[in-house]
Amino acid sequence: MTGHTRSADRIAMWLGGGLVLLGTAGLGLAGTFVGERAWLSVDVRGTLVVLGLAVLACYAVYRAVAGDFASPR
């Protein structure tokens, strides 16, 4: 995978994965350490996760339509 990744691949993976992790684990841990149940709205966390998944889905559709997948050897 390392030999076939481009900078657009890395940006999509970092941005999409980062938003998903921030929305789930990051803000969940922050809420646990702060100790307040309603510290951050569930809507905000859900929106971050959906945005991350949307970035990954849009990039997957782009790669599928562009048809520039590397052939395995």
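A few points on the structure.

Procedures and definitions
- Residues numbered from 1 in each chain as written.
- Predicted model: local features only at pLDDT ≥ 70, side-chain atom pairs only at ≥ 80, totals over all residues.
- Heavy atoms only, no water.
- Bend = angle between axes of the 7 residues up to and from the residue.
- Helix = DSSP H or I, 4+ residues; strand = E, 2+ residues; numbered from the N terminus.
- Buried < 20%, exposed > 50% of the residue type's maximum accessible area, 1.4 Å probe, protein only.
- Contact = heavy atoms within 4.5 Å.
- Salt bridge = Lys/Arg side-chain N within 4 Å of Asp/Glu carboxyl O.
- Expected span 1.5 Å × (residues − 1).
- Axes fitted to C-alpha atoms, helices over the stretch in contact; angles between N-to-C directions.
- Parallel < 35°, antiparallel > 145°, perpendicular 65-115°, else oblique.
- Left-handed = near helix turned anticlockwise from the far one by under 90°.
- Nonpolar A, V, L, I, M, F, W, Y, C, P; charged D, E, K, R; others polar.

Another aspect to go through is helix α1 (residues 7-34). It helps to recall that an α-helix has 3.6 residues per turn; residues three or four apart then point in one direction. The sharpest bend along α1 reaches about 45° and sits at leucine 22. Buried within α1 we find Asp9, Ala12, Gly16, Leu19, Val20, Gly23, Leu27, Gly28 and Gly31. Contact partners of the buried residues in α1: α2 (42-66). Phi turns positive, to about 90°, at glycine 35, one or two residues after α1.

Under the counting rule described, the total for this entry stands at 1 salt bridge. As a salt-bridge pair, arginine 63 and aspartate 9 come within 2.7 Å of each other at their nearest N and O atoms. Of this pair, arginine 63 sits in helix α2 while aspartate 9 sits in helix α1, and the two are 54 residues apart along the sequence. The pair formed by arginine 63 and aspartate 9 is uniform in burial state, with each residue classed as buried.

It is worth spelling out α2 at this point. With 25 residues, α2 ought to run about 36 Å at 1.5 Å a step, and its terminal C-alpha atoms sit 36 Å apart, in line with that. Where α2 is concerned, the buried positions are Leu48, Val49, Gly52, Tyr59 and Arg63. Turning to α2, the residues buried within the fold contact α1. Two residues or fewer after α2 comes glycine 67, characterised by a positive phi angle close to 70°.

A few words now on the packing of α1 against α2. Close contact between α1 and α2 brings their axes to 8 Å; oriented N to C, the two are set at 160°. Overall, the two elements α1 and α2 adopt an arrangement that is roughly antiparallel. In terms of crossing hand, the pair formed by α1 and α2 is left-handed. Per-class residue counts for the contact of α1 with α2 are 15 nonpolar, 6 polar and 3 charged.

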